[in-house]
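# Summary of the model geometry
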Amino acid sequence: MTVKVITVGEDILGANEEKARNNKSKLDKYGILTINIMSSPGAGKTSLILSTIKKLRKKVRIAVIEGDVASSVDAEKVNALGIPVIQINTAGGCHLDANMVEKALNDLPLKDIDLLFIENVGNLICPNAFVLGEDQRVMIASLPEGDDKPYKYPAMFADTDVILLNKIDLQPYLDFNADNFKKAVTGLNPDVTIFPISCKTGAGLTAWFGWLEAVVRDKKKK
Ligand code: MG
């Protein structure tokens, strides 16, 4: 007797991609630049979003979708800044999908948004496989995670548009080798843009803000 193989993953991903295309058309219609932010837990996704809101909120109308397995602690921090935010709790799920984002979009004031951050669930594996309708994928890697992570989670590093290398203020206390990290990353993804930053000290953030303002402007022109 032959073993029957059911490829559930392909069906799920196919349906997800169709939903993601619908999300993208909707976001395009409103000229909203959408960024899917991915990283391991604790790398600094929420810190980056909060720093960016504080810096750009007078020039750019920002909204946030927060993805977490549980709780709304990150969404509350965004809400405290007076920024529209929707919390998605995945109830154990290790990633966001396009269906969840579609529901969140229904509750956001789309005509009043220039830039939408989607903070994915902290995980270096599953979020990579599920497109959401984003324009740009931004990944945060942080020094305490080690410089070998591109070798261990290659798909995540290969498929991202930008890598923010966070917590560079901790370099004196760590063995992280930035040259080894860059070599591993560019081997997987030669076109990626890397910004070394520290959300704690603000180092390197000016370059990130500049990049972000430019992509938001470009989206408006389309
Ligand atoms: Mg967070």
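Residues numbered from 1 in each chain as written. Predicted model: local features only at pLDDT ≥ 70, side-chain atom pairs only at ≥ 80, totals over all residues. Heavy atoms only, no water.

### Concerning the packing of aromatic side chains
What the rule picks out here adds up to three aromatic pairs. When the centroid spacing of 5.4 Å and the interplanar angle of 45° are considered together, the rings of F176 and F181 count as tilted. Overall, the relative accessible area of 7% leaves F176 in the buried class. Residue F181 is classed as buried on the basis of its relative accessible area, which comes to 1%. With centroids separated by 5.5 Å and ring planes inclined at 20°, the aromatic side chains of W208 and W211 adopt a geometry described as stacked. Of the two residues, W208 and W211 are both situated in helix α8 (residues 205–221); the distance of three residues between them amounts to about one turn of the helix. Among the residues examined, W211 registers a relative accessible area of 18% and is labelled buried. Aromatic rings pair up to connect F157, F176 and F181 into one cluster. (Phe/Tyr/Trp six-rings, centres within 6.5 Å; stacked < 30°, edge-to-face > 60°. Buried < 20%, exposed > 50% of the residue type's maximum accessible area, 1.4 Å probe, protein only. Helix = DSSP H or I, 4+ residues; strand = E, 2+ residues; numbered from the N terminus.)

### So, the sheet that holds strand β2 (residues 62–68)
Taking strand neighbours across the sheet as the criterion, the seven strands line up as β3-β2-β4-β1-β5-β6-β7 in an open arrangement whose pairing is parallel. At either end of the open sheet lies a strand with only one pairing partner, and these are β3 (85–89) and β7 (193–196). Put simply, the sheet's adjacent strands are angled 20° from each other on average, direction ignored. Where β2 and β3 come together, five bridges link them in parallel fashion. Counterpart to D68 in the pairing with β3 is N89. (Pairing = 2+ DSSP bridges. Axes fitted to C-alpha atoms, helices over the stretch in contact; angles between N-to-C directions.)

### Thoughts on α8
Residues spaced three or four apart along an α-helix point in a common direction, a consequence of the helix completing one turn every 3.6 residues. For α8, built from 17 residues, the straight-helix expectation of 24 Å at 1.5 Å per residue is met to within 8% by its first-to-last C-alpha distance of 25 Å. Every buried residue of α8 is accounted for by L205, W208, F209, W211, L212, V215, V216 and K219. The buried side chains of α8 occupy one side of the element, clustering within an arc of 165° when seen end-on. Exposed residues pointing more than 90 degrees away from the buried face of α8 are listed as T206 and K221. (Expected span 1.5 Å × (residues − 1). Arc of directions from axis to C-beta.)

### Quick word on the coordination of the magnesium ion
For the magnesium ion, every protein donor is listed as T46 (OG1), D74 (OD) and E119 (OE), and the spread of their distances is 2.0 to 2.1 Å. Motif for the magnesium ion, donor spacing along one chain: T-x27-D-x44-E. One end of the pair, T46, is in helix α2 (residues 45–56); the other, D74, is in helix α3 (residues 73–79), with 28 residues separating them in the sequence. In this pair, the class of T46 matches that of D74, namely buried. (Donors = N, O, S within 2.8 Å, 3.2 Å for Na, K, Ca; no water.)

### Digging into the pattern of salt bridges
Should their charged atoms come close, side chains of opposite charge can pair. What the rule picks out here adds up to 14 salt bridges. Among the salt bridges present, the one from D28 reaches K219, with a minimum N-O distance of 2.6 Å. Of the two residues, D28 is situated in helix α1 (residues 8–29) and K219 in helix α8; the sequence distance between them amounts to 191 residues. On the basis of relative accessible area, D28 is assigned to the partly exposed category, the value being 34%. With a relative accessible area of 7%, K219 lands in the buried category. Put simply, K24, D28, D135 and K219 are held in one network by salt bridges that share partners. (Salt bridge = Lys/Arg side-chain N within 4 Å of Asp/Glu carboxyl O.)

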